[in-house]
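Spelled out from the first residue to the last, the chains are:
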Amino acid sequence: MITETDILYLKQAIALARAGVEEGRGGPFGCVIVRDGEVVGKGCNGVTSTNDPTAHAEIVAIREACQRLGHFQLTDCDVYASCEPCPMCLGALYWARPRRVVYAATRNEAAEAGFDDDFIYREINLPGDERKIPFVHAPVEQTRELFGLWREKGNKELY
């Protein structure tokens with residue numbers, strides 16, 4: 001169920017997206033992360049201004065919220081995005097484990113503006129050697145040792 005409060009946070013995300021476009025930071029995307037009625041992270045797309053292909057609004061906001069909260073998970077948080085998250089942001093959101101994600105525009109609306117991620121959704125399901133960017137498995141024995149080291153580590157924090 002969408003509440004009036006949800007709409008207010010979505011409008012904040014949209015305002016961040018607008019400011020980002022007007023200031024030349026990047027594409028028209030904004031995000032706010034809220035915990036207990038307080039914005040703990042926010043961001044707008046900064047891909048072109050920072051030359052960082054991972055500087056999507058959701059990633060920027062996740063990084064800020066996690067730093068501020070001192071934890072790598074956002075289990076008690078709600079994420080408000082101006083647009084349906086792309087595959088990269090979707091993955092990051094699943095790793096961050098927020099309570100929920102609320103978005104305003106759909107990925108189809110983004111595609112109409114030139115931000116079409118459908119090719120990534122199609123690529124994910126292809127075998128590595130059939131992708132547009134080939135992914136080649138090159139086994140190295142040290143990786144087995146590395147995972148063994150992790151399994152044996154007694155004071156690790158799982159995520």
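Up top is the structure.
Here we summarise the structure given alongside this text. (Residues numbered from 1 in each chain as written. Predicted model: local features only at pLDDT ≥ 70, side-chain atom pairs only at ≥ 80, totals over all residues. Heavy atoms only, no water.)

1. Comments concerning the layout of surface pockets
In this structure, the largest pocket occupies an estimated 400 Å³ of space. The greatest single-element share of the lining of the largest pocket, amounting to 3 residues, is contributed by helix 4 (residues 87-96). Partitioned by chemical class, the residues of the lining of the largest pocket number 13 nonpolar, 5 polar and 4 charged. The space that makes up the second largest pocket amounts to roughly 250 Å³. Taken together, F119, I120, E123, I124, R131, K132, I133 and F135 make up the full set of residues lining the second largest pocket. Its residues assigned to classes, the lining of the second largest pocket shows 5 nonpolar, no polar and 3 charged. (1 Å grid on protein atoms, 1.4 Å probe; cavity = no way out; pocket = protein on both sides within 12 Å on 5 of 7 lines; lining within 4 Å. Points joined across faces, edges and corners; volume = space filled by probe spheres on them. Helix = DSSP H or I, 4+ residues; strand = E, 2+ residues; numbered from the N terminus. Nonpolar A, V, L, I, M, F, W, Y, C, P; charged D, E, K, R; others polar.)

2. Here we look at helix 3 (residues 57-69)
For helix 3, built from 13 residues, the straight-helix expectation of 18 Å at 1.5 Å per residue is met to within 8% by its first-to-last C-alpha distance of 18 Å. On the buried face of helix 3, the contacting elements are strand 1 (30-35), strand 2 (38-44), strand 3 (77-83) and helix 4. (Expected span 1.5 Å × (residues − 1). Contact = heavy atoms within 4.5 Å.)

3. Some points on helix 1 (residues 4-22)
Its 19 residues place the ends of helix 1 27 Å apart at the C-alpha level, agreeing with the 27 Å of an ideal helix rising 1.5 Å per residue. The set of residues buried in helix 1 consists of D6, Y9, L10, A13, A17 and G20. For helix 1, the angular spread of the buried residues around the axis is 105°, confining them to a single face. In helix 1, the exposed residues that point more than 90 degrees away from the buried face are E4, L8, K11, R18 and E22. In the core, the buried residues of helix 1 are packed alongside strand 1, strand 2, strand 3 and strand 4 (100-105). Two to three positions downstream of the cap, the backbone nitrogen of T5 sits 3.3 Å from a side-chain oxygen, assigning the N-cap of helix 1 to T3. (Buried < 20%, exposed > 50% of the residue type's maximum accessible area, 1.4 Å probe, protein only. Arc of directions from axis to C-beta. Polar contact = N/O pair within 3.5 Å; in protein donor to acceptor, adjacent residues only side chain to side chain.)

4. Focus on the side chain of D6
Counting through the fold element by element, D6 comes out in helix 1. Here T3 takes part through its backbone nitrogen, which lies 2.9 Å from a polar atom of the side chain of D6. Here D6 is in contact with M1, Y80 and R100, once residues within four sequence places are set aside.

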